[in-house]
Amino acid sequence: MTAEVERAVRELLELLVEELDLDAEVAVRREGETVTGALVGDDLGLFIGRHGQTIEAVQHLAQRVAFRGQPSDVRVVIDAAGYRDRRASALRREADSAAEAAVRGRRPVALDAMTASERKLVHEYLRERGDVETYSEGAEPDRHLVVAPLGRG
């Protein structure tokens, strides 16, 4: 099954590279239950999109193509030019700053809207602190995280 997922992700990304006339190589790798399809190259801003919106859409599409709408334990991640790692680092810095502000000010701090996968990353990252809690508010596409100090009431 995983080989089929890898093949489907590779074919989708190769098609997009060709159709969008991108100067990029496609790399697909599997780590445990995650298949990552990545574009390697320069000037991939068009593929990443504003605030990662295009790459998120391609990831959703890749998931649908790979599993033909069936549920699966395998996760598909799409990346380009190291965007996911850079974005994760930026989100952790933003989360640290919000947590410090929430604890110092003894009040909840709302973060900017982010995707479900980004909210999950921040939830999991801040869970270890022990002095703040996180929860989501709002409706897509404006759904955002709130970081609040524990024991504020």
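These numbers were taken from a predicted model, which means no experiment stands behind them. (Residues numbered from 1 in each chain as written. Predicted model: local features only at pLDDT ≥ 70, side-chain atom pairs only at ≥ 80, totals over all residues. Heavy atoms only, no water.)

## A word on the packing of helix α4 (residues 83–105) against helix α5 (residues 116–127)
For the record, the criterion: Note on geometry: axes are lines fitted to C-alpha atoms, helical ones only across the stretch in contact, with angles between N-to-C directions running from 0 to 180 degrees. The helix and strand labels rest on DSSP assignments: H or I over at least four residues marks a helix, E over at least two residues marks a strand, and numbering proceeds from the N terminus. What sets the label is the angle itself: under 35 degrees gives roughly parallel, over 145 gives roughly antiparallel, 65 to 115 gives roughly perpendicular, and the rest give oblique. The crossing is said to be left-handed when, going from far helix to near helix, the turn is anticlockwise and less than a right angle, and right-handed when the turn is clockwise. Contact between two residues is taken to exist if any of their heavy atoms lie within 4.5 Å; hydrogens are not considered.
Closest axis-to-axis distance for the α4/α5 pair is 10 Å, and the angle between their directions is 50°. By the angle between their directions, the pair α4 and α5 is classed as oblique. For the pair α4 and α5, the crossing hand works out as right-handed. Across the interface between the two elements, Tyr-83, Arg-87, Ala-88, Leu-91, Arg-92, Ala-95, Asp-96 and Ala-99 of α4 pack against Glu-118, Leu-121, Val-122, Tyr-125 and Leu-126 of α5.

## What about the nonpolar core?
Put simply, the rule is: In plain words, nonpolar cores are sets of buried Ala, Val, Leu, Ile, Met, Phe, Trp, Tyr and Cys residues tied together by side-chain atoms within 4.5 Å. In this scheme, a residue with accessible area under 20% of its type's maximum is buried, one over 50% is exposed, and one in between is partly exposed, where area comes from a 1.4 Å probe on protein chains only.
Grouped together as the largest cluster of nonpolar side chains are 26 residues, with contacts concentrated most on Val-5, Val-9, Leu-13, Leu-39, Phe-47, Val-76 and Ile-78. Elements with a minimum of two residues in this core: α1 (2–19), β1 (24–31), β2 (34–41), α2 (45–48), α3 (53–67) and β3 (75–80). A per-element tally of this core places α1 first, with 7 residues. Every residue in contact with Phe-47, bar those within four places of it in the chain, is listed here: Leu-13, Leu-16, Leu-20, Leu-22, Leu-39, Thr-54, Ile-55, Val-58, Ile-78, Asp-79 and Ala-80. Formed by 13 residues, the second largest nonpolar core is a distinct cluster that contains Ala-95, Val-109, Val-122 and Val-147.

## A few points about α4
For the record, the criterion: In this analysis, the expected span of each helix is defined as 1.5 Å times one less than the number of residues it contains.
Taking 1.5 Å per residue as the helical rise, α4 with its 23 residues ought to reach 33 Å, and the 32 Å between its terminal C-alpha atoms agrees with that figure. Every buried residue of α4 is accounted for by Tyr-83, Arg-84, Ala-88, Leu-91, Ala-95, Ala-98, Ala-99 and Ala-102. Taken from the residues just after α4, Arg-106 is the one with a positive phi, measuring 50°.

## Remarks on the packing of α1 against α3
For clarity, the cut-off: Residue polarity follows a fixed list, in which Ala, Val, Leu, Ile, Met, Phe, Trp, Tyr, Cys and Pro are nonpolar, Asp, Glu, Lys and Arg are charged, and the others, Gly among them, are polar.
Their axes nearest at 9 Å, the elements α1 and α3 cross at an angle of 135°. In terms of orientation, α1 and α3 fall into the oblique class. Crossing geometry of α1 relative to α3 is assigned as right-handed. Contact residues: Val-5, Ala-8, Leu-12, Leu-13 and Leu-16 in α1; Val-58, Leu-61, Ala-62, Val-65, Ala-66 and Phe-67 in α3. Considered class by class, the residues forming the contact of α1 with α3 number 11 nonpolar, no polar and no charged.

## Points about the layout of surface pockets
Definition in use: Lining residues are defined by having an atom within 4 Å of a point belonging to a cavity or pocket. Those points lie on a 1 Å grid over the protein atoms alone, cavities being sets where a 1.4 Å probe fits but cannot get out and pockets being open sets with protein on both sides within 12 Å along at least five of seven lines. Grid points are joined across faces, edges and corners, and a volume is the space filled by probe spheres set on the points.
Of the pockets and cavities examined, the largest pocket occupies roughly 530 Å³. Lining the largest pocket we find 20 residues, and of these Arg-75, Val-77, Arg-84, Ala-88 and Leu-121 sit closest to its centre. For the lining of the largest pocket, the elements supplying multiple residues, two or more each, are β1, β2, α3, β3, α4 and α5. In terms of residue count, α4 provides more of the lining of the largest pocket than any other element does, 6 residues in total. Residue composition of the lining of the largest pocket, grouped by class: 5 nonpolar, 4 polar and 11 charged. Its volume calculated, the second largest pocket comes out at about 340 Å³. Taken together, Arg-50, His-51, Gln-53, Arg-87, Glu-94, Asp-112, Ala-113, Met-114, Thr-115, Glu-118, Pro-141 and Asp-142 make up the lining of the second largest pocket. Secondary-structure elements contributing two or more residues to the lining of the second largest pocket are α4 and β4 (109–113).

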